[in-house]
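# Commentary on secondary and tertiary structure
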Number of protein chains: 2
Amino acid sequence: MKNSTYLLVFLSFAIIACKSPEKKEKVTPEKEKRKLTSYVNTFTGTDGPGNTYPGAVAPFGMVQLSPDNGLPGWDRIAGYFYPDSTIAGFSHTHLSGTGAGDMYDLLVMPLNSKFTESLTKEGDYRPYSKFSHDREEASPGYYSVDLLSSGIKAELTTTERVGFHQYTFPKDDKSQIILDLGYSLNWDKPMETKITIEDKQTIVGYRKSKGWAADQRVYFVMQFSKPFDKAQLFNKSKEIKGDSITGQFTKIIAHYKTKANEQIKVKVALSSASINGARKNLESELPHWDFEKTVEQADAAWEKELSKITIEGTEAQKELFYTNMYHVFLTPSLHSDVDGAYKGADGENHIAKDYNKYDTFSLWDTFRATHPLYTIISQKETEDMIKSFLSHYEETGLLPVWSLAGNETNMMIGYHAVPVIVDAYFKGIPMDAQKALEACIASANEDGRQIDLYKKLGYVPTGEHHENWSVSKTLEYAYNDWCIAKLAKDLGNFDAHREFTKRAENWRNLYDEKSTFFRPKDDKGNFISPFSAKEYTKEFCESNGWQYFWFVPHDISGLELTVGKEKFAAKLDSMFTYYPEKNDKLPIFSTGMIGQYAHGNEPSHHVAYLYNEIGQPWKTQEMVRKIIKTQYSTKPDGYCGNEDCGQMSAWLVFSSIGLYPINPAEAVYSITAPTVEAATINLENGKTFKITTENQSEENTYIQSMSINGKPINEFTIKHHTLMLGGELHIVLGPKPNEYL
Amino acid sequence: MKNSTYLLVFLSFAIIACKSPEKKEKVTPEKEKRKLTSYVNTFTGTDGPGNTYPGAVAPFGMVQLSPDNGLPGWDRIAGYFYPDSTIAGFSHTHLSGTGAGDMYDLLVMPLNSKFTESLTKEGDYRPYSKFSHDREEASPGYYSVDLLSSGIKAELTTTERVGFHQYTFPKDDKSQIILDLGYSLNWDKPMETKITIEDKQTIVGYRKSKGWAADQRVYFVMQFSKPFDKAQLFNKSKEIKGDSITGQFTKIIAHYKTKANEQIKVKVALSSASINGARKNLESELPHWDFEKTVEQADAAWEKELSKITIEGTEAQKELFYTNMYHVFLTPSLHSDVDGAYKGADGENHIAKDYNKYDTFSLWDTFRATHPLYTIISQKETEDMIKSFLSHYEETGLLPVWSLAGNETNMMIGYHAVPVIVDAYFKGIPMDAQKALEACIASANEDGRQIDLYKKLGYVPTGEHHENWSVSKTLEYAYNDWCIAKLAKDLGNFDAHREFTKRAENWRNLYDEKSTFFRPKDDKGNFISPFSAKEYTKEFCESNGWQYFWFVPHDISGLELTVGKEKFAAKLDSMFTYYPEKNDKLPIFSTGMIGQYAHGNEPSHHVAYLYNEIGQPWKTQEMVRKIIKTQYSTKPDGYCGNEDCGQMSAWLVFSSIGLYPINPAEAVYSITAPTVEAATINLENGKTFKITTENQSEENTYIQSMSINGKPINEFTIKHHTLMLGGELHIVLGPKPNEYL
């Protein structure tokens, strides 16, 4: 393991020792337990298709301070790819687990003469330092690496809004710290950047960039613990005299003479709104220069998040579970300053009054399990996220689809802020419900997303466009419409209830009795030919007919009836056994294949649980265990597909403790056999809900019996409100299915 | 091991089987021995500071067809760095083991829609494919890798002047093969490039570039085994209509529809002189499309080179030995076409009549052991290399210092073509000796290299220049002068003999009795202060006072007398025990440290053998074994410093068999204890010279007795002419020094 388990175990004892020197006798075995953060491998997902980053971030933090290999491409879309050997520097913003090549703001890199003398090109050539995983450590909120080309040790930690660097230099008269605002990768491109030297320890400025986020703004205040001897300002490789520079590719080199092992620290506070906002964030969150203390605080913040669900099980299970818990709390990202200011999706600055404005919502992914998980263990954040949705609605007239750093990117499909809102509403999360309904209805009527045709025809017709995704849109719109209908009914808007209840049936319009799949239609109502359900065609979003067949989460029994009971069951079996043929071309997104089931992408995520809906719960139990065993690990390539802002991880967290929301807006969880011995959900209302097992082992895959608070149950579901009351779900396991349960 | 040992063992049997199907009974155990090429790990030196490349090259071949990671920097100066995960393509020229960031001509890369769909940036962004060492193989003359981002398998082989690619594509309508003349790395920069489409299977053109070689020209003819469907021509990212394009950054994309597992082959013939020269090279060397046959022929050519010295020993010793033998034959590079035409250092085309013109002479490195080794086993090539020196002299008025691809780079110091010539002359290699002497004298009087001051003052004075290397120049000039004196005397030029004999004493002018080191002087004759022999200052070329102290190879006894016998011996001991202190700043070149001895750079290379000169041969025996054991392996980071065009390897080859030329122009080899059981030098005159040992083991470090052809000897030297007569040097080893030998 490359993460700093040992360091943090050490820190853990250090904290105990510092905090209660008078209570030595109280160091009980309980206290000697490993900290939960020590189980997290922040490198999981940095190899393979996971696309995560290993750097320092606070839970839901604005800053994601992480090493950049400095190379473009899909593999390094989060800045860092485990197989690489280069570090170009440490930038302050990164996306976790996405396929979007954006962010990478404010690259900081220390250099010295050993490094610069070894360079082979002059001018604006980027220096790549060599590094080795042997000399790299990371844990939640902390990252450290030895830059082998310079001999400089780099350490990173962070508060929510302020990145904190600590560089340990060798003796050298030509040490440097560079801030490069011109650095960009992939879709990101700086448009206007500015650096102003306030004094020999303080620089301020901004980086405005265009990329997947069309108008991203990062204002910053950067402080150095030691005054620099001199600083040079550049635009690209052209040096400019004076104390301030504006240009597309600005850069500052701060020069130092360093003694052996001299540490120079750097704080970089961010804001989407203004330099003054960044300054306030700095003053409020990180007024001191105590690096170790900041590491401890970041670690403590993570310990608190991870403690929301604790498990009993093997050490390996804990590593897997808490590593996934960690990824659940990386995104969305805090977007507002300590005073509430943030750059809105309309390009104006706004104030988030009495709440944290979040952004970076990968909703097509996260409405499925991540947001439902937040409704259990992150209710305050859920409330603020919905406020964030509604402020986005106020700014743009629509709910976010895939919003990023104060921008709507319109990536992916659906209006999946709707199920998040509706789920939260029925789970009792406070919100302005009338406005939420208004926002949902407005988003469901945005013609730009082919909703005009959907309303006219009852489905989205196929078209010429490379990715018209017509079948996927039809199915997802219909599900979102069901959610709106439900909310409208509860709020007494019966017209809307009627309209959206009807729209919720639109999935039926693309069902093809002949192929027994959902099949694309043209605008005349004709099914298109040829059609093969296993082909990845433009009508299916990153998927095929097999994978989208199951997306009627609001009416599984209706779908079952439509197809026929036996056929539906047979089809579900085939989903997991009908493998692509050798020469079938699979797209980059179709990974983690078990038959046609692709755990590497979201449309499949609820499918293993559908056996619970057709009276074959033992197959859910088998398949979920198989997916956990074959598609997850804590190795760097431990995710079989993009981690996707918490969704791959939320699936694992739910499934490990035996729960999953098939319909993410129904306030009910489907039950399967937990893989862990026991789990305790420490609810924010002060209560705890336990999930306990009997006869837990790898062989004992099957549920023999279940009880809630001692009372036997035989339905494979549990209501959200039952969980919230606290109590215990007890599950007895055995080696053979109990078909009579 | 990642190289294709198995493939080649298989090929080996296949060749036997094909060639003599009627002689099945002749497959004796002798023939079942592993081929020597199967011992070579072409990845050795691709990690760490070795700076070698793993691609396909014929012995001394013009083409070095090898994968490029596509990243700049010191680590990847040979195009490829083992820790990396990217492949940008396969370019046709690379330097082996140098610190010079040049070549990388004619990058070829196959792509397809799987790859291009995964790209994150449009336009002239370079696509990097992922690759894995698990799916990579190489052996002498062959390299293969699976490009994981596209699913295309790439295989490379080569003749001397024609690179041969074989790409195995998956089924795809959008397969591509790209030739990118605009691609460059490090110091290299394209100036003018041209591509002309002759027909759907043939393109021709050139790439003229500026870099370390100020005027490099690569003309080419490229043939595709299958006509492309269409081709697009670009300058940078701008597409140009028509069949021909000239510009700084030209590129062609050939488009194909490929069936599953369809192979498309590409041949790229090079010439420094003209397109027609490249065409003749292609017609002469590779008129067919048989890839496997070309792999076999390249393998056979390597087997022949490696067979020049065969050893008995452990399998690990054979891997180390033959891997180093392999690196000895990579450079210099063939520079003339099949018709003798080549681009000269004067910018004009010339014809090499009846010889192969070689270039890429890293003489500061290779005069020490590489060229002396060639005088034993590559006499024809030595003859042609000296002809190549003299043609360079005719073109420029000077012998080459560090010549590259028809250019003088003037890198490093000295006029070390001189010892190569003089060594070869006294070893009986045919040459135009009068012209050679004339060229040596001319080179020794080139004022541009501070020889004016050297002649005036008797030393090169220190100066302001960052790298004036004054001490190193003085010592190396004096040695080169001694060589000239020797040649002049033999040719009856007694004036020159007198003059250069005097100059050969110039090393004495920088000897400082107080510090007992060679010490920089200013032009007034004052030693400069402060002076610390362990400091790496500008007067020592990539070295310090300790490392250069020993560079009087022509007068070790004179140096010993000057310092004093006991002091000299004590100093030699200190050389290997006086380690740099923790905070001493070592330059990038000072690696492989044993005390102040730096095996990673050349000035140290003869030092361990100096114990032989002062009557303590057992210390040579100890130290040489220690260096072999600690500074060499066949792992990717198996060299402790730049491999340097064969010099690091030639040291290992000589030392493993118990020989080393302390004075590289003296036709005498110093003797140490071989590490191998026995070695057979298969001389080109048909004779064999054997070196055999008794009691060989790791513990039996010390020579107990020696005999040549049965006759006991007690001098630790053997003359070149003795070797050439054939015979046997027999060495008896034991665990304790025999101080009375």
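Residues numbered from 1 in each chain as written. Chains lettered and ligands numbered in written order. Predicted model: local features only at pLDDT ≥ 70, side-chain atom pairs only at ≥ 80, totals over all residues. Heavy atoms only, no water.

Chain A has the name GH92 family glycosyl hydrolase in an unreviewed UniProt entry, where Neotamlana laminarinivorans is given as its organism. According to the UniProt record, the Subunit (unreviewed entry) comment for chain A is "Monomer." Checking UniProt for chain A, the heading Cofactor (unreviewed entry) contains the comment "Ca(2+)". (UniProt positions renumbered as here; feature names shortened; annotations may be inferred.)

## Looking at the overall build of chain A
Helix and strand counts for chain A come out as 20 helices and 38 strands. A compact globule built from 741 residues should have a C-alpha radius of gyration of about 27 Å, and chain A, at 26 Å, falls within 12% of that. Viewed in the frame of its principal axes, chain A has a C-alpha envelope of about 80 × 65 × 55 Å. For chain A, the residues scored as buried account for 64% of the 741 residues in total. The contacts in chain A between residues at least 6 apart in sequence include a share of 69% that link residues at least 24 apart. With the model as given, the accessible surface of chain A reaches about 25,900 Å², and the carbon-plus-sulfur share is 50%. (Helix = DSSP H or I, 4+ residues; strand = E, 2+ residues; numbered from the N terminus. Rg over C-alpha atoms; globule rule 2.2 N^0.38 Å. Buried < 20%, exposed > 50% of the residue type's maximum accessible area, 1.4 Å probe, protein only. Contact = heavy atoms within 4.5 Å. Areas by Shrake-Rupley, 256 points an atom, 1.4 Å probe, with all protein chains shown as cover.)

## Comments concerning the pattern of salt bridges
Pairing of side chains with opposite charge becomes possible as their charged atoms draw close. The tally for this structure, following the rule as stated, stands at 68 salt bridges over all chains. As a salt-bridge pair, A:K538 and A:E539 come within 3.6 Å of each other at their nearest N and O atoms. Taking relative accessible area as the criterion, A:E539 reaches 3% and is therefore assigned buried. Note that B:K226 and B:E262 form a salt bridge whose closest N and O atoms lie 2.7 Å from each other. Here B:E262 lies in strand β19 (residues 262-271) and B:K226 lies in the loop between β14 (216-224) and β15 (230-235), a separation of 36 residues in the sequence. Given the relative accessible area of 22%, B:K226 is considered partly exposed. Connected through salt bridges with shared partners, the residues A:R34, A:E315 and A:K318 form a single ionic network. (Salt bridge = Lys/Arg side-chain N within 4 Å of Asp/Glu carboxyl O.)

## Considering the UniProt feature "domain: Glycosyl hydrolase family" (unreviewed entry) in chain A
Here the UniProt feature "domain: Glycosyl hydrolase family" (unreviewed entry) sits at residues 277-734 of chain A. Taken end to end, residues 277-734 of chain A has its terminal C-alpha atoms 58 Å apart, with 40% of it in helix and 14% in strand.

## Structural notes on the side chain of A:E305
With respect to the secondary-structure elements, A:E305 resides in helix α5 (residues 291-306). If we skip the residues at most four places from it in the chain, A:E305 touches A:P59, A:M325, A:F329, A:S378 and A:E381.

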